[in-house]
Every structure is written in C-alpha cells, then in structure tokens.
Amino acid sequence: GENVEQHPSTLSVQEGDSAVIKCTYSDSASNYFPWYKQELGKRPQLIIDIRSNVGEKKDQRIAVTLNKTAKHFSLHITETQPEDSAVYFCAAYPTAGAQKLVFGQGTRLTINP
Amino acid sequence: EPEVTQTPSHQVTQMGQEVILRCVPISNHLYFYWYRQILGQKVEFLVSFYNNEISEKSEIFDDQFSVERPDGSNFTLKIRSTKLEDSAMYFCASSPSGGPNQPQHFGDGTRLSIL
C-alpha cells in the first residue's frame, strides 16, 4: 500500500523567510496530493492540492511542486507570517480504487517574529 | 462555505461503554470518511462509505467499529466496547465523489477520552 514520508518533523523560520516541507510517496499510481494545515485543536484544513498531470501549482504565498519521477512533492510558503504557524500534513490519494487519504507524519512549523 | 459538522466536540466515556460519534457531511457530497488522530500523531484512515455501504476500511476498523447513515443527513461512527487506546480525535470527512482527484473536507473533530 501507499506510504508517505514527510520531513522535517519540526521547522522554525523567521517571519518573512520561506519555508519548505517535503514529502515522498511509494505508490507510483498515486495521482492526487493535498496539503492540510492543522492549527491546535482544529480540523485539518485543505490549503492546496496538486494532481499528477501538473508539476507546480501556486496560490498567493503557497506553492506545491510535484516530481513524479522521483515520487516526491513539496510545499513552499513564502513571506511567512505568524499565522502560518501550525502543523502541516501532506497526503496522497492512491488510485486503483482506493477510497482513502494516506497522510504524512506532519511538520510543526513555527514562525518566529 | 458549507462545512462538515461533528457532535459532540468532546466525549468522555468509561472503558467498555459504547459510544456514537455523529457527523453531518456537506449536503451534496456522496463519499464519507472517518479518520482518527492520536494525540501528537498523524491522521489515520478508518473507513470510507458510499451508497450506504463500506467501500474500504483499515485494519484499525475491527469488529468493535461500525458506521451507519441512519437518515439523509447524518453519518455515525459507533464503537461498541471502548478501550483505553481508542482515546483520540476522530474526524469525519466528505467528498463530492470518491474519484482520485476529489478533495476531502474535514469536520472539527470529536475528542474521545476513554477513562
């Protein structure tokens, strides 16, 4: 089955700097990769996703890149702000009839003012 | 924006008791899911549900667990005889369809504490 590895587990950056979180997946048939932001005690909130037919997608300060050959995808946050502090989870949606998301371990991002 | 809603937000139950967690998925969504998150760990898939039947379940979803859509709006997760290790945050999610490119939207979760 699909396995998703996420790094780093914790990340601390200065306000205004960029943050990058990386994930690798094992199932080459996976073709949908969402990123979720989870603030303390709150729901995982979908912030951006990418499908396997594109290599990059941007939404304001957030971008996601996908390398299908290497089976990895990354979240990039530019001009970080204190409200970006949260736990970020990557996930993969396997094909072959799978009806579930497989999540990475999560990255606790802290933005230092 | 429509949201998935879950009740209760926090449930405290004695070990061995039955518990029912409730969810109202987004109204035009067809696929429903339960996930759980043990404190400090990643989100884990439990079960997916479509057309009034389970479409996939994980090894966590053993005979103590069941799901039901008792009416046109609610989706429930029942744990028959709770164990200490069932303590976790339980999230319900829904998606418009179960296709591989459909985003899943999560509710706020129910924190289940087993004493």
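Quick look at the packing of aromatic side chains now. For the structure on display, the rule yields 19 aromatic pairs over all chains. Seen from their ring centres, F89 of chain A and F103 of chain A are 6.2 Å apart, and the 85 degrees between their planes marks the pair as edge-to-face. You can see F89 of chain A sitting in strand β9 (residues 86-92) and its partner F103 of chain A sitting in strand β10 (residues 102-103), a full 14 residues away along the chain. The pair F89 of chain A / F103 of chain A is uniform in exposure class, with both members buried. Pairing Y35 of chain B with F45 of chain B gives two aromatic rings, centres 5.7 Å apart and planes at 70 degrees, and the pair type is edge-to-face. With Y35 of chain B in strand β4 (residues 31-37) and F45 of chain B in strand β5 (residues 44-50), this pair connects stretches of sequence that are 10 residues apart. Judged by relative accessible area, which is 7%, F45 of chain B ranks as buried. Every member of this aromatic cluster is reached through a ring pair, and the members are Y36, F89 and F103 of chain A together with Y33, Y35, F45, F91 and F106 of chain B.

All names here are of chain B. Counting across every chain of the model gives two disulfides over all chains. C23 shares a disulfide with C92; S-S distance 1.9 Å. Across the S-S bond of C23 and C92 the torsion is about -65 degrees, and the bridge reads as left-handed. Of this pair, C23 sits in strand β3 (residues 19-24) while C92 sits in strand β9 (residues 88-95), placing them 69 residues apart in sequence.

The rules behind each value
- One numbering rule holds for all chains: residues counted from 1, following each sequence as written.
- Here every chain gets a letter starting at A, and every ligand a number starting at 1, in the order they are written.
- Restriction of local features to residues with pLDDT of at least 70 applies here, the model being predicted, together with a cutoff of 80 or more for giving and counting side-chain atom pairs; totals for whole chains, interfaces and linings are based on all residues.
- Derived side-chain values reflect all non-hydrogen atoms in the structure, with water molecules and hydrogen atoms excluded from consideration.
- Stacked, tilted and edge-to-face pairs are distinguished by plane angle, under 30 degrees for stacked and over 60 for edge-to-face with tilted covering the rest, among Phe, Tyr and Trp rings (Trp via its six-membered ring) whose centres lie within 6.5 Å.
- Secondary structure follows DSSP: runs of H or I at least 4 residues long count as helices, runs of E at least 2 residues long count as strands, and numbering of each begins at the N terminus.
- Burial status follows relative accessibility: with a 1.4 Å probe on protein chains alone, a residue under 20% of its type maximum counts as buried, one over 50% as exposed, and anything between as partly exposed.
- Note that a disulfide, as used here, is simply two cysteine sulfur atoms within 2.5 Å.

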